[in-house]
Amino acid sequence: MEVVSQLCFSGTKTPSDEVVIKLLSYITVQSKTGWIYSKDMVVFDDAIDRTPVVRSFLLQLLMRTRSSAVNKHLEIYFNNAVALVQKSEHNRYVTPETEVCLLVLGCIENLVFHLQDFQHQSFTEQNMYQNEEAQRIFNAAKGKIKMPSNKRLENLQHLASTRFAITVAAKSIYDIYVRKCTVIQPYHKQLFDVMGELFISCGSIYPK
């Protein structure tokens, strides 16, 4: 996996279509009719690959390119994966389709937190930057509450970003009101306000 990371994703240049297709071929089987997913590549309990490390690793590398061309391939991969598991039989509370969505969501969330790496900033700078980014995400989310169901990947990207913003807000609330190690600042109030507006817009029943 380290070799793939170094050879295909070490620079700033986006991998070519040929490289992307080749990488996706390692987690799919292609037939004359398109991408067909083998049983050992799905995330069911009875599958060989119960901990899809390789698949998650490749998906995260591809998502990090943030390229529209790569996103096109990822959208096709994701839609085909969901279409396949929708045809499978299941009698569990968590459906196979949900499991695939959770897998991809986990990859996107790892990417979001990777992009928000604040190890080299002071505590104050980290708080301010995270709060500003969370505010931006909350404001953008107001126009994405109801998105087309056929844009699954974009929906999950939006969900992952919003979950990150809520995590930032929750941490601020905990530090201010529980640990009492932080004094509330104007940017905290702004963050809580925009988060509350989003909750109201989406009809959330949770306390504001």
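Right above here is the structure, for reference.
Residues numbered from 1 in each chain as written. Predicted model: local features only at pLDDT ≥ 70, side-chain atom pairs only at ≥ 80, totals over all residues. Heavy atoms only, no water.

### Re the packing of helix α7 (residues 152-178) against helix α8 (residues 186-201)
Two packed helices can be described by the angle between their axes and the distance between those axes.
Then comes step 1: Running from N to C, α7 and α8 cross one another at 130°; their axes reach a closest spacing of 11 Å. Put simply, α7 runs oblique to α8. For the pair α7 and α8, the sense of crossing is left-handed. Of the residues in α8, those touching α7 at Thr-162, Ile-166, Val-168, Ala-169, Ser-172, Ile-173, Ile-176 and Tyr-177 are His-188, Leu-191, Phe-192, Met-195, Leu-198 and Phe-199.
Then comes step 2: Residues that form the contact of α7 with α8 fall into these classes: 11 nonpolar, 3 polar and no charged. (Axes fitted to C-alpha atoms, helices over the stretch in contact; angles between N-to-C directions. Helix = DSSP H or I, 4+ residues; strand = E, 2+ residues; numbered from the N terminus. Parallel < 35°, antiparallel > 145°, perpendicular 65-115°, else oblique. Left-handed = near helix turned anticlockwise from the far one by under 90°. Contact = heavy atoms within 4.5 Å. Nonpolar A, V, L, I, M, F, W, Y, C, P; charged D, E, K, R; others polar.)

### Details of a nonpolar patch on the surface
Then comes step 1: Together, Ile-173, Tyr-174, Tyr-177, Val-178, Val-183 and Ile-184 give the surface a local cluster of nonpolar side chains, amounting to about 560 Å² of exposed area.
Then comes step 2: Positionally, Val-183 belongs in the loop between α7 and α8.
Then comes step 3: Since its relative accessible area comes to 62%, Val-183 is described here as exposed. (Patch = residues over 30% accessible without salt bridge, like charges linked within 9 Å, V, L, I, M, F, W, Y side chains within 5 Å. Areas by Shrake-Rupley, 256 points an atom, 1.4 Å probe, with all protein chains shown as cover. Salt bridge = Lys/Arg side-chain N within 4 Å of Asp/Glu carboxyl O. Buried < 20%, exposed > 50% of the residue type's maximum accessible area, 1.4 Å probe, protein only.)

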